[in-house]
Amino acid sequence: MKKIIIFQHVAHKILGTLHPTLKDHRLNIRYINFDRNPLEDPCIDKYNALIVLGGFMGVYEAERYRHIKTELKLIEQALKKDIPVLGICLGAQLIATVLGSTVRKHSVKEVGWHNISFTSEGLADKLFTHFKPSECLFQMHGDTFDIPDTAIQLAKSEMCNSQAFRYGNKVYGLQFHLEVDQASILRWLSYDSILNEINLSNGELSVEQIKNDTQLYIDRSIELSRMTFDNFVNQFDLVNKSTIIGSDHSKPLKKI
């Protein structure tokens, strides 16, 4: 049974569109909820892949959020173990830190739907071959970092140069939120902390504009997310294969 361990930092930052992909491939999922138990220190030895989700805290706040140091240690172990790793937003920033970059507060907050431009390496990458050179994707971050020297840049935006990178052949960092669906965006927009960020934008952002843009772009984003996450599972042979015995499709699947 192929198993994936997932680091979660905030209740409202969940797997989203990643969840059905992992369940469709019958992957065994274990969540480590650092928001609920910040002192948890799991062992990753028995897992075939690691996914690190987003969060409101910064990598530079390790003294306040003690799990940051734990995660940096575990990500480093995952790299040495040579298992696939996918980091989203904070997850990408944690991977970048392990690879030698410094995460810092950005001069702007990139929130809502923004155009992401893919590099030639990004368009050729097996994860993103279905992307156009530019796609409008969802963002929710105020920190940034430089692409690690040992990594390959896959995407950038006008506001933030470091949107996606690959380290080696199995490790990906995505600053944008490809995992969101409409329900998760609306849920995020109901939280006071996010509403405060929007209110501090001096009219550059509005909840209404983000909701309208979501109507325009969410279907394409979900289409891209399904193909991307499916590619992630298939590219690294994370599928738990099964077969149907006989012609009676009502019988349960037997694993081989």
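This brings us to the overall build of the chain. Each helix and strand counted, the chain has 7 helices and 11 strands in total. Rg of the C-alpha trace for the chain: 18 Å, near the compact-globule value of 18 Å for 256 residues, within the 12% margin. For the chain, the spread of C-alpha atoms along the three principal axes comes to 65 × 40 × 40 Å. Going through the 256 residues of the chain one by one, you find that 51% of them count as buried. When contacts within the chain are restricted to residue pairs at least 6 apart in sequence, those whose partners lie at least 24 apart make up 72%. With an accessible surface of roughly 12400 Å², the chain has 48% of that area assigned to carbon and sulfur atoms. Here the chain holds 30 positive side-chain charges and 30 negative ones, and the gap between their average locations is 9 Å.

A separate point is the sheet that holds strand β6 (residues 134-144). Spatial ordering of the open sheet is given by β2-β1-β3-β4-β9-β8-β7-β5-β6, a layout of 9 strands whose pairing is mixed. Lying at the two open borders of the sheet, with one neighbouring strand each, are β2 (28-33) and β6. Averaged over all pairs of adjacent strands, the angle between strand axes in this sheet comes to 20°, irrespective of strand direction. In the sheet, strand β3 (residues 49-52) pairs with strand β4 (residues 85-88) via 3 bridges, with the strands oriented parallel. Within β4, the position partnered with I51 by the bridge is L86. Along the sheet, helix α2 (residues 67-81) contacts β1 (3-8), β3, β4, β8 (164-167) and β9 (171-174); its crossing angle with β3, the most-contacted strand, is approximately 145°.

Now for the packing of aromatic side chains. Within a pair of aromatic rings, the relevant descriptors are the distance that separates the centres and the angle that separates the planes. Taken as a whole and judged by the stated rule, the model has 12 aromatic pairs. Plain terms: the ring middles of W113 and F138 are 5.4 Å apart, the flat faces sit at 65° to each other, and that makes the pair edge-to-face. Here the residue W113 occupies a position in strand β5 (residues 104-118), and F138 occupies one in strand β6, the gap between them amounting to 25 residues. Judged on exposure class, the residue W113 and its partner F138 are both buried. Ring plane angle 50° and centroid distance 4.7 Å describe the contact between F118 and F131, whose orientation is recorded as tilted. With F118 in strand β5 and F131 in the loop between α4 (120-124) and β6, this residue pair connects regions lying 13 residues apart in the sequence. Across this residue pair, the class does not change: F118 and F131 are buried. Taken together, the ring pairs in this structure connect F118, F128, F131, Y172 and F176 into an aromatic cluster. Lying over the aromatic face of Y47, K3 brings its terminal NZ or CZ to 5.4 Å of the ring centre.

Glancing now at the pattern of salt bridges. On inspection of all chains with the given rule, the structure shows 10 salt bridges. Here E40 and R30 are joined by a salt bridge, their closest N and O atoms 3.4 Å apart. Of this pair, E40 sits in the loop between β2 and β3 while R30 sits in strand β2; the two residues are 10 residues apart in sequence, bridging distant segments of the chain. The exposure class assigned to E40 is partly exposed, which follows from its relative accessible area of 22%. A relative accessible area of 31% means that R30 is categorised as partly exposed. Linking R166 and D125 is a salt bridge whose minimum nitrogen-to-oxygen distance equals 2.5 Å. Highlighted residues: R166 in strand β8 and D125 in the loop between α4 and β6, separated in sequence by 41 residues.

In this section: unusual backbone geometry. The phi torsion at R26 lies on the positive side, around 60°, for a residue other than glycine. The topology assignment puts R26 in the loop between α1 (18-24) and β2. Phi is positive for D82, which is not a glycine, with a value near 65°. Tracing the chain through its elements places D82 in the loop between α2 and β4. We classify D82 as partly exposed; its relative accessible area is 49%.

Let's shift gears to the nonpolar core. Counting residues in hydrophobic clusters, the biggest one holds 33 residues, and the most contacted among them are L22 and L86. Where this core is concerned, the elements lending two or more residues are β1, α1, β3, β4, β5, β7 (152-157), β9 and α7 (207-235). Apart from residues no more than four positions distant in its own chain, L86 is found in contact with L18, L50, I51, V52, I95, Y172, L174, F229 and F232. Counting residues in hydrophobic clusters, the runner-up holds 31 residues, among them I68, I83, I95 and I147.

With that settled, consider the environment of L74. Tracing the sequence through the fold places L74 in helix α2. The class of L74 is buried, set by a relative accessible area of 1%. Discounting chain neighbours no more than four positions away, the residues touching L74 are F7, D41, P42 and I44.

What counts, and at which threshold
Residue numbers restart at each chain and count upward from 1, following the sequence in its written direction. For this predicted model, a pLDDT threshold of at least 70 governs which residues receive local features, and a threshold of 80 or more governs which side-chain atom pairs are given and counted, while totals over whole chains, interfaces and linings are taken from all residues. Only hydrogens and water are set aside when side-chain values are computed; all heavy atoms of the structure are taken into account. Only runs of H or I of at least four residues qualify as helices and only runs of E of at least two qualify as strands under DSSP, and these elements are numbered from the N terminus. We take the radius of gyration over the C-alpha atoms and set the globule estimate at 2.2 Å times the residue count to the 0.38 power. Only protein chains enter the area calculation, which uses a 1.4 Å probe; residues under 20% of their type maximum are buried, those over 50% are exposed, and those in between are partly exposed. In what follows, a contact means two residues having at least one pair of non-hydrogen atoms within 4.5 Å. Throughout, the Shrake-Rupley method with a 1.4 Å probe supplies accessible areas, and for residues the shown protein chains are the sole cover considered. Positive charges are assigned to Lys and Arg, negative charges to Asp and Glu, while His and the chain termini are left out of the count. A single reference atom marks each charge: NZ on Lys, CZ on Arg, CG on Asp, CD on Glu. Strand pairing requires that DSSP identify at least two bridges connecting the strands. Here, axes are lines fitted to C-alpha atoms. For helices the fit covers the stretch in contact, and angles between N-to-C directions go from 0 to 180 degrees. Geometry of aromatic contacts follows a simple scheme: Phe, Tyr and Trp rings, the Trp one being its six-membered ring, pair when their centres are within 6.5 Å, and the pair is stacked under 30 degrees between planes, edge-to-face over 60, tilted otherwise. Charge over a ring is defined by NZ of Lys or CZ of Arg lying within 6 Å of the ring centre and within 35 degrees of the ring normal. Basic side-chain nitrogens of Lys or Arg form a salt bridge, by our definition, when they fall within 4 Å of a carboxyl oxygen of Asp or Glu. For the purposes of this section, nonpolar cores are sets of buried Ala, Val, Leu, Ile, Met, Phe, Trp, Tyr and Cys residues that join through side-chain atoms within 4.5 Å.

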